[in-house]
Amino acid sequence: MESSVRKFVFRDLQRIDGYIDPPDALVFLSLIGRQRQENLLGGLAEIGVYYGRSYFLLRKISAPDSNVLAIDLFDIEEDDAQYQRFLDNGRSLGIPVDEELVISGDSTRLDPQAIIDKIGQVRFFSIDGGHLLRHVLADSHLAESVLADHGIIAFDDTFNPAWPEVTIGVSDFLRRNSGTFSAFCMTKYKTYVCRRDFHDFYQAAISEALHLKPFEHAEMDFLGSKVIRLHNPLNRRVAYELLQRLGMSALSEWAYRNG
């Protein structure tokens, strides 16, 4: 199963426009896989679908379950073109979108019960919606409201200089909930957060994951918690990008394992 997901990450998924790169895709795989091993149940949700790259990754990882909820305005193109491309991408990957589990609307106005009604409590919630402070605060509150005790929130673009208010919003969320939530892992693009009772559990999942061994692991302090920072060395990133541009995606996984 995990071998097929890795092939999906390095080959099939690259056909879909989007922003989740292999390091975070492998973090998703490692964390959700550990949840499955420990029978930690719940739905999966994503705010900010774009054309579906990370949505289809969540679908692939969680199979045969299909309880993945997509939330997006779907308004970046006229005449529902974004939504149609999202559906078309699902068909091309052999993972048809379950339109009963799509919410087209503003996540900042969404009633948490609407999520619970569709997928129950959430074990993995990816937030990549609006990047202004008000968006991040609203979306983090929404995720907190529906998260299972063992749930994870993955915040995108946490330290992207193009979106400084995301950094403020995530930091505000962690400071405001310092007794309950803590970060446990960071990558170049994402920060992973869980309840403090599960901090050590998920840190161990990151430390022990075979998929993540090629990356450099560094421990750092962030707002009162120990966080594992995963670093993808420059030579590996360059090799991966070169292979992708040359149309040699079949070798791109080799670059991550051996670069």
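Residues numbered from 1 in each chain as written. Predicted model: local features only at pLDDT ≥ 70, side-chain atom pairs only at ≥ 80, totals over all residues. Heavy atoms only, no water.

Some points on the pairing of strand β9 (residues 225-231)
Inference 1: Here strand β6 (residues 181-186) runs beside β9; their pairing, made up of two bridges, is parallel. Pairing of M186 across the sheet is with R229, part of β9.
Inference 2: By the bridge criterion, seven bridges tie strand β8 (residues 216-222) to β9 in an arrangement that is antiparallel. What sits directly across from E216, in β9, is H231. (Pairing = 2+ DSSP bridges. Helix = DSSP H or I, 4+ residues; strand = E, 2+ residues; numbered from the N terminus.)

Remarks on the pairing of strand β4 (residues 122-127)
Residues in a regular strand project their side chains so that they alternate between the two faces of the sheet.
Inference 1: With six of six residues buried, β4 lies mostly within the body of the structure.
Inference 2: Note: strand β1 (residues 43-47) against β4, five bridges, orientation parallel. In the strand pairing of β4, E46 is matched with S126.
Inference 3: Here β4 pairs with strand β5 (residues 147-156) via five bridges, running parallel. Across the sheet, the residue bridging to V122 is L147, located in β5.
Inference 4: Taken together, β4, helix α6 (residues 133-146) and β5 constitute a β-α-β crossover, and its handedness is right-handed. (Buried < 20%, exposed > 50% of the residue type's maximum accessible area, 1.4 Å probe, protein only. Right-handed = clockwise from strand over helix to strand, strands pointing away.)

Any functional reading would require information that these geometric values do not contain.
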